[in-house]
Amino acid sequence: MPPKEPPKERYIPNALKFAFGGGAGMAATCVVQPLDLIKTRMQLGGGNLSSFKVASEIIAKEGFFALYTGLSAGLLRQATYTTSRLGVYNWLFDSYKQNYGGTPGFGIKAALGVAAGSVGAFVGTPAEVALIRMTADGRLPKEQRRNYKNVVDAILRIIKEEGVLKLWRGATPTVIRAMVVNAAQLGTYSQAREWFVGIVPDGIQLHFCASMVSGLVTTIASMPVDIIKTRIQNAAKGESQMGIVTNLLAKEGVLSLWKGFLPYYTRLGPHTVLTFIFLEQFNSAYLRYAS
């Protein structure tokens, strides 16, 4: 009897890699949108209010459902940014395995994350600009608020009032942030997952542990760029990007680059966890039932 051939490794079609990535990010955003809004308000404010105080003020002044302001923009951001970055990363990861054999090392994983993040960030910047403006609107005096109805209204008004290129305002720090985030997040997630195999039971427990490590490293590395990006994208017409950064450092100091660390990590940690858990479940379901 001839020896049995080893089973071929199964791969998920590229189109589904992109769809699963975007779907996982959108599902996670529905859970963590209030934390994203609190994080943005803290990054834009000059005071030292705690995340709990900021949340209390939002609820008291604007109502509980104001915590979900900008959800449509958050979902569009995930549909563009996360679909692109996770899809590109998984495609590059599988292409490496097919071409070179074996799993790539941490350095290659980080490089793949940088490439995937830069593509995703450029595609997702218009939704990012709309999200920042919508979540920041409630902190402005009523006469200065933009009062966007939803993400479509925001994008159309930005094009009409400021020009189409303003949809990519802050694209440079957005891309830099995404490169940092994805090098840290995707690279450390894959690496931490390998570290925990054999120590933590496979499944959601493994995905959770790897995601929490990934979220912490990503938060520390990416917060400075994220705050600069947020200030630039929310700035009034005519303010220069360099002036915004200089003013931030001069008035609030270097440590202001990590302002809102707790809500940022509280948002990024669960979002990372939920995104990867949803993504792993989508992949597992496909391999189990469809391939």
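The rules behind these values
Residues numbered from 1 in each chain as written. Predicted model: local features only at pLDDT ≥ 70, side-chain atom pairs only at ≥ 80, totals over all residues. Heavy atoms only, no water. Salt bridge = Lys/Arg side-chain N within 4 Å of Asp/Glu carboxyl O. Helix = DSSP H or I, 4+ residues; strand = E, 2+ residues; numbered from the N terminus. Buried < 20%, exposed > 50% of the residue type's maximum accessible area, 1.4 Å probe, protein only. Polar contact = N/O pair within 3.5 Å; in protein donor to acceptor, adjacent residues only side chain to side chain. Contact = heavy atoms within 4.5 Å. Phe/Tyr/Trp six-rings, centres within 6.5 Å; stacked < 30°, edge-to-face > 60°.

Here we take up the pattern of salt bridges. A side chain of one charge can pair with a side chain of the opposite charge if their charged atoms are brought near each other. Following the criterion strictly, the structure yields 13 salt bridges and no others. Of the charged contacts in the structure, one is a salt bridge between Glu 62 and Arg 41, with a shortest N-O distance of 3.1 Å. With Glu 62 in helix α2 (residues 51–62) and Arg 41 in helix α1 (residues 14–44), this residue pair connects regions lying 21 residues apart in the sequence. Taking relative accessible area as the criterion, Glu 62 reaches 31% and is therefore assigned partly exposed. On the basis of relative accessible area, Arg 41 is assigned to the buried category, the value being 9%. For Lys 229, the salt bridge is made with Asp 226, and the minimal N-O distance between the two is 4.0 Å. Here Asp 226 and Lys 229 lie together in helix α7 (residues 204–234), a separation of three residues that amounts to about one turn. Looking at Asp 226, the relative accessible area reads 0%, which means it is buried. Via salt bridges that share partners, Asp 36, Lys 39, Arg 77, Glu 128, Arg 177, Asp 226 and Lys 229 belong to a single interconnected network.

On to the side chain of His 271, then. Here His 271 is to be found in helix α9 (residues 261–289). According to the relative accessible area criterion, His 271 is buried, its value standing at 4%. Side-chain polar atoms of His 271 contact the side chain of Thr 29, separated by 3.1 Å. Discounting chain neighbours no more than four positions away, the residues touching His 271 are Gly 25, Ala 28, Thr 29, Val 32 and Gln 78.

Scanning all chains against the criterion turns up seven aromatic pairs. Ring centres of Tyr 89 and Phe 93 lie 6.0 Å apart, and the angle between their planes is 35°; on these two criteria the pair is classed as tilted. In this pair, Tyr 89 and Phe 93 both sit in helix α3 (residues 71–100), four residues apart, roughly one turn of the helix. The same class applies to Tyr 89 as to Phe 93, namely buried. Put simply, the rings of Phe 20, Phe 278, Phe 282 and Tyr 286 pair up and form one aromatic cluster.

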